[in-house]
Amino acid sequence: MKLSHFAPLGATLAFVLATPVMAQDSTGAVDWTGPYIGGSFGYNWQKNDGEEHIRFDADADGEYDDVIRTGTGANAFSPGTCGGSARGATPGAGCNDDKDAIGWMGHVGYDRQFGSIVAGVVAEAGKAYISDSVTEYSTTPAFYEMTRRIDWNGNLRARLGYTTPGGFMPYITGGLAYAKVKNSFATSNGANSFTEVDRKEDAWGYTMGGGIEAKVSDNFSIGARYLWTRYNVDDYRVDVGAGSAPATNPFRITPSGGASMNRGDKFDTQSVMVTTSFRF
């Protein structure tokens, strides 16, 4: 994780602390109770997944725990893997890093204040322009690459914060997360056939994090928040058939006469965003 990922959060925190709060009731205290709408903009990134592998189901039992072997019994995928997209048919050609990128979201929510405690709920939806690839290499040589991208994502979170009389509120948050995930496959193997199943997935998961927010007028607040999110994405698979490959092809000599490939891992993302809200 790079320190630069937290630059938006630091800049917003400095701005919030330096901004006078004008949203006060007759007693001089700020009131957060009420609905709000707004948006956020920031940066999304994902975990370092250099140890990730494509998994194989060679006996059609639905379990991706098999090894694809050559006619001599050797592991046909012994050259290894990379946690990104392939630059060539062998590991020596190198591997492109996954794409971390900007993102944006719109939100609607409601807060209720109880003394110095503020509790609420917020729903968000938007776009994270990130992609995550994994590549496996065979002894052919050939590469087999799976890539997933978030089409759009959203969440429904509870928030719990503590407000100062002047309207500065740190908070924790967490809840349900969803993403529409697009999958794709590429390979330099031109002999076997490859059929993709469930290219678009409904990925459900959960999210948690925290942030800060400050009221700068009766109807306007600014802040910053950090979220860690885990999506469950294990529906997508690629079925491998005979194609024009010879009878000695490793995929053809499996117990089922073919194989299925699956990533099977969790899709973890993180984000830091600045937020603005109009409060009613």
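Reference entry: report on the structure contained in this document. Just so we're clear, the structure is a prediction, and the values are computed from it rather than from any experiment.

1. Comments concerning the nonpolar core
Here's step 1: With 17 residues, the main nonpolar core has Ile-68, Met-146, Phe-251 and Met-261 as its most contacted residues.
Here's step 2: Put simply, the parts of the chain that give this core at least two residues each are strand E9 (142-162), strand E14 (237-241) and strand E15 (259-262).
Here's step 3: Per-element tally for this core: the top contributor is E9, with 3 residues.
Here's step 4: Every residue in contact with Met-261, bar those within four places of it in the chain, is listed here: Ile-54, Arg-55, Phe-56, Tyr-64, Tyr-144, Met-146, Phe-185, Phe-194, Tyr-236, Arg-237, Val-238 and Val-240.

2. Things to note about the state of the cysteines
Here's step 1: Counted under the stated rule, the structure contains 1 disulfide.
Here's step 2: A sulfur-sulfur separation of 2.2 Å characterises the disulfide bridge that pairs Cys-82 with Cys-95. Note on the Cys-82 and Cys-95 pair: the S-S dihedral is about 65 degrees, so by sign convention the disulfide is right-handed. Here Cys-95 lies in strand E5 (residues 95-96) and Cys-82 lies in strand E3 (residues 80-82), a separation of 13 residues in the sequence.
Here's step 3: Taking the relative accessible area as the measure of exposure, Cys-82 reaches 10% and is therefore buried.

3. Re the side chain of Gln-270
Here's step 1: Mapped onto the secondary structure, Gln-270 falls in strand E16 (residues 266-279).
Here's step 2: Judged by relative accessible area, which is 12%, Gln-270 ranks as buried.
Here's step 3: Of the polar contacts made by the side chain of Gln-270, one reaches the side chain of Tyr-226; its length is 2.5 Å.

4. Comments concerning the sheet that holds E15
Here's step 1: As summarised here, the arrangement of the 4 strands in space is E2-E15-E14-E11, forming an open sheet in which the pairing is antiparallel. Of all strands in the sheet, those bounded by a partner on one side alone are strand E2 (55-57) and strand E11 (193-197). Direction aside, the axes of adjacent strands within the sheet are offset by 25 degrees on average.
Here's step 2: Sheet analysis places E2 next to E15, joined by 3 bridges and oriented antiparallel. Its bridge partner lying in E15, Arg-55 is registered against Asn-262.

5. As for a nonpolar patch on the surface
Here's step 1: Together, Tyr-110, Val-121, Leu-156, Leu-176 and Trp-204 line one region of the surface with nonpolar side chains, adding up to about 480 Å² of accessible area.
Here's step 2: Positionally, Leu-176 belongs in strand E10 (residues 168-187).

6. Describing unusual backbone geometry
Here's step 1: A cis amide bond, omega 5 degrees, links Thr-140 with the succeeding residue Pro-141.
Here's step 2: Within the secondary structure, Pro-141 sits in the loop between strand E8 (131-138) and E9.
Here's step 3: Residues other than glycine seldom take positive phi values, yet Ala-60 does so here, at roughly 60 degrees.
Here's step 4: Among the structural elements, Ala-60 can be located in the loop between E2 and E3.
Here's step 5: Of note, Asp-198 is a non-glycine position whose phi angle comes to about 60 degrees, a positive value.
Here's step 6: As for its placement among the helices and strands, Asp-198 is situated in the loop between E11 and strand E12 (200-217).

Conventions we followed
- Residues numbered from 1 in each chain as written.
- Predicted model: local features only at pLDDT ≥ 70, side-chain atom pairs only at ≥ 80, totals over all residues.
- Heavy atoms only, no water.
- Core = buried A, V, L, I, M, F, W, Y, C linked by side-chain atoms within 4.5 Å.
- Buried < 20%, exposed > 50% of the residue type's maximum accessible area, 1.4 Å probe, protein only.
- Helix = DSSP H or I, 4+ residues; strand = E, 2+ residues; numbered from the N terminus.
- Contact = heavy atoms within 4.5 Å.
- Disulfide = S-S within 2.5 Å.
- Polar contact = N/O pair within 3.5 Å; in protein donor to acceptor, adjacent residues only side chain to side chain.
- Pairing = 2+ DSSP bridges.
- Axes fitted to C-alpha atoms, helices over the stretch in contact; angles between N-to-C directions.
- Patch = residues over 30% accessible without salt bridge, like charges linked within 9 Å, V, L, I, M, F, W, Y side chains within 5 Å.
- Areas by Shrake-Rupley, 256 points an atom, 1.4 Å probe, with all protein chains shown as cover.
- Salt bridge = Lys/Arg side-chain N within 4 Å of Asp/Glu carboxyl O.

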